[in-house]
Amino acid sequence: MVLGAVFLWPLAVSVLASLTRDGALTLAHYETVWRLYRGDVLYTIGVAAAGTVLTFAAAIPACGWLRLRAFGPVEFLLKVPLFVPFVVVGHALRVALSPHAPGLAGSWAGIALALAWKHLGLAALLLLGAFRGVDESYLEAARDVGATGGRLVRDILVPMSGPALAVSGILIFSSMLASFSIPLMMSRGGGPQMLMIDVYYRYGQHGDFATASALGVVAYLLAMGAALVYARRLTA
Amino acid sequence: MSARALVARAAGFAVAAFLIVGPLTSLAVWSLAERWTFPSAWPQRFGLRYWHRVATGDFLEPLRLGVLIAVIVTLVALAMAIPLGYALARLAFPGRAVVLLLFLLPQAFPQLPVFASATREFYRFGLAGTIPGVVLVHLVGGLVFAVWTMTAVFRSIAPELEEAAWNLGASTTRAFVGVALPLAVPGIVASAVLVFLYSLDEFTGTLLVGAPFVTTLPVYMYTASLGYELQIASVTALVLMAPGVVLLLVLERFLKSDYLVFFGQL
């Protein structure tokens, strides 16, 4: 009931609003999106992709190491970002970067860095679960023929966790696409913007609900991968 | 353990500590910086001036309001999620898959455009800018979270225990209240704590639906940072972050990773 009223109904209203003007079906709002925001759509995909790559670049070696040699304190540190809210992460990275690298905080790299920091916790959780699901006997067999640390991670743990890595990647990428608080806290003024920031200003400052909804629908479509992953988990 | 392995561990810990704790430390530095002008790499004067502001009304009011909302959200979410989670875990009823799917959607789709649309609908019913409106919007995330954790909790309790109670003549309700519910208490507590934290930290929905009258701490922090009151925002950020980190520290063993995966979406 609550979900229907507060989630499904508004979702339907926004999809409908994006497709109509004065009661008639139209694609005009999508033309506005294409005209004004196509650059921002690409920018958002780029930032989310960079953030996802950065997350995995840190999480794969860290979790691989932890799989081979369990070490509580580091595992604890990796999970900390799970419990730090998005808004706090955005602000923390902004104040951490701005005194030392003033240009970085609001740039695409700064946003990608903050997103990667926040998603490290989730990635660690998913990857450790996947790596720990790899049977010890495979690792022993590889050790017997002389493989150590990095080789074990690269040639055994990562390939054997392929599906889990793909799922984690889709979930993290979609979450980054839809992120609002981190770019809001970090970016100031001009230049390309993340999609959710565009939705917020289009709706809040221009009062243009129809175009904001069309932007939203673009975001829903981009996040379809995550929806499919969840749906598959449901049927499994 | 060999010396080399020990060094590797120390190095690994140092790198992780720098990357994870580093940005958080800068919150602490900023919260103590009474004077810090560019391009100095370090504050020129330290002090507790901004922490004193925490004791004043304009900080305590959003805190009080946020806690009130979080308590209501937690109670309502659990009251709905305990029976629903039990039903999803134990019973095969028509439409079960639809219900499960319904509880996945808010997780999978970008929330901001939906909340913007919800705010517009709320205006028609006079809910925008009110506490009930914010509670409703928090219930979306809170319910999803509570239902999934409660389903996992009841799945982990062996059905044979209730079957034994039925054999001894207990009704379904009695078996639920007398057997399954007490066993589920640790899971219920964990779920309640996480829903409470979710609501306390929720920003996007509160900003949209609550504006301009309902200000919780995350919104207060955003407003402060917008006005370049970075110290006030940093103090608020530390206060917001503390319960989560304490929880992780105390409860790590009890928090199953299923619960945490959903929490990562905060």
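Criteria and cut-off values
- Residues numbered from 1 in each chain as written.
- Chains lettered and ligands numbered in written order.
- Predicted model: local features only at pLDDT ≥ 70, side-chain atom pairs only at ≥ 80, totals over all residues.
- Heavy atoms only, no water.
- Phe/Tyr/Trp six-rings, centres within 6.5 Å; stacked < 30°, edge-to-face > 60°.
- Helix = DSSP H or I, 4+ residues; strand = E, 2+ residues; numbered from the N terminus.
- Buried < 20%, exposed > 50% of the residue type's maximum accessible area, 1.4 Å probe, protein only.
- Lys NZ or Arg CZ within 6 Å of the ring centre and 35° of its normal.
- Core = buried A, V, L, I, M, F, W, Y, C linked by side-chain atoms within 4.5 Å.
- Contact = heavy atoms within 4.5 Å.
- Buried area = accessible area lost by both parts, 1.4 Å probe.
- Salt bridge = Lys/Arg side-chain N within 4 Å of Asp/Glu carboxyl O.
- Polar contact = N/O pair within 3.5 Å; in protein donor to acceptor, adjacent residues only side chain to side chain.
- Nonpolar A, V, L, I, M, F, W, Y, C, P; charged D, E, K, R; others polar.
- pLDDT = per-residue confidence, 0-100.

Q: Go over the packing of aromatic side chains with me, naming the residues and quoting the values.
A: Applying the stated criterion across every chain yields a total of five aromatic pairs over all chains. Between Tyr-86 of chain B and Phe-154 of chain B, the aromatic rings sit 5.2 Å apart at their centres with planes inclined by 85°, giving edge-to-face as the arrangement. One end of the pair, Tyr-86 of chain B, is in helix α3 (residues 57-90); the other, Phe-154 of chain B, is in helix α7 (residues 131-155), with 68 residues separating them in the sequence. For Phe-154 of chain B, a relative accessible area of 0% translates into the label buried. These aromatic residues form a ring-pair network of at least three members: Phe-180, Tyr-200 and Tyr-201 of chain A together with Phe-203 and Tyr-222 of chain B. For the cation-ring pair, Lys-118 of chain A lies above Phe-86 of chain A, with the distance from its terminal atom to the ring centre recorded as 5.0 Å.

Q: Before we move on, can you summarise the nonpolar core with the specific residues and values?
A: Core analysis: the biggest nonpolar cluster contains 158 residues, and Phe-180 of chain A together with Leu-27 and Phe-154 of chain B have the highest contact counts within it. Sequence-distant contacts of Leu-27 of chain B, defined by excluding residues within four places in its chain, comprise Val-88, His-91, Ala-92 and Val-95 of chain A together with Ser-234, Ala-237, Leu-238 and Met-241 of chain B.

Q: A description of the interface of chain A and chain B should follow, citing residues and the corresponding values.
A: Facing the 65 residues of chain A at the interface are 80 residues of chain B. Buried area between chain A and chain B, both sides added, is near 6700 Å², and the carbon and sulfur share of it is 80%. At the boundary of chain A and chain B, one finds zero salt bridges. Across the chain A-chain B interface, the total number found is zero residue pairs in polar contact (both at pLDDT 80 or more). If you list the elements that add at least two residues to the side of chain A that touches chain B, you get α1 (2-19), α3 (72-79), α4 (86-97), α5 (108-132), α9 (181-186), α10 (195-204), α11 (209-222) and α12 (224-235) of chain A. Per-element accounting of the side of chain A that touches chain B gives the leading share, 10 residues, to α1 of chain A. Along the lines of polarity and charge, the residues of the side of chain A that touches chain B split into 54 nonpolar, six polar and five charged.

Q: Can you tell me about the side chain of Thr-119 of chain B, naming the residues and giving the values?
A: Within the secondary structure layout, Thr-119 of chain B lies in helix α6 (residues 111-124). Filtering out sequence-adjacent residues up to four positions away, Thr-119 of chain B remains in contact with Tyr-203 of chain A together with Ala-128, Leu-208 and Val-209 of chain B.

Q: Before we move on, could you go through the environment of Tyr-86 of chain B and cite the residues and values that matter?
A: Residue and element names in this part refer to chain B. For Tyr-86, a relative accessible area of 9% corresponds to the buried category. Spatially, the C-alpha atom of Tyr-86 lies 7.1 Å from that of Met-150, the residues being 64 residues apart in sequence. Residue contacts for Tyr-86: discarding those within four places in its chain leaves Ala-81, Leu-91, Phe-154, Glu-162, Phe-176 and Ala-180.

Q: Before we move on, can you summarise the environment of Gly-187 of chain B with the specific residues and values?
A: Residue and element names in this part refer to chain B. Looking at the element boundaries, Gly-187 is found in helix α9 (residues 172-201). In this structure Gly-187 comes out as buried when scored by relative accessible area, which is 11%. A C-alpha to C-alpha distance of 32 Å links Gly-187 and Tyr-220, two positions 33 residues apart in sequence. Contact partners of Gly-187, with chain neighbours within four places excluded, come to Met-150 and Val-153.

Q: So what about the confidence of the model for chain B? Which residues, and what values?
A: On average, residues of chain B score 77 in pLDDT, and 88% of them are at 70 or above. Within chain B, helix α13 (residues 257-263) of chain B has the poorest average pLDDT of any element, 52, and α3 of chain B the best, 85.

Q: How would you summarise the pattern of salt bridges if you had to cite specific residues and measurements?
A: Residue and element names in this part refer to chain A. Here the structure, examined in full by the defined rule, presents five salt bridges over all chains. Residue Arg-67 is joined to Glu-136 by a salt bridge in which the shortest nitrogen-to-oxygen separation is 3.1 Å. You can see Arg-67 sitting in helix α2 (residues 28-68) and its partner Glu-136 sitting in helix α6 (residues 136-144), a full 69 residues away along the chain. A relative accessible area of 33% means that Glu-136 is categorised as partly exposed. We note a salt bridge from Arg-132 to Glu-75, for which the minimum N-O separation is 3.2 Å. Of this pair, Arg-132 sits in helix α5 while Glu-75 sits in helix α3; the two residues are 57 residues apart in sequence, bridging distant segments of the chain. Owing to a relative accessible area of 15%, Glu-75 belongs among the buried residues under this scheme. Among the charged side chains, a network of salt bridges with common partners joins Arg-67, Glu-136 and Arg-143.

Q: Describe the environment of Ser-14 of chain A, listing the residues and the values that go with them.
A: The residue Ser-14 of chain A is located in helix α1 in this model. Owing to a relative accessible area of 0%, Ser-14 of chain A belongs among the buried residues under this scheme. For the pair Ser-14 of chain A and Ala-212 of chain A, spaced 198 residues apart in the sequence, the C-alpha separation amounts to 8.6 Å. Here Ser-14 of chain A is in contact with Phe-209, Ser-213 and Tyr-220 of chain A together with Ser-117 of chain B, once residues within four sequence places are set aside.

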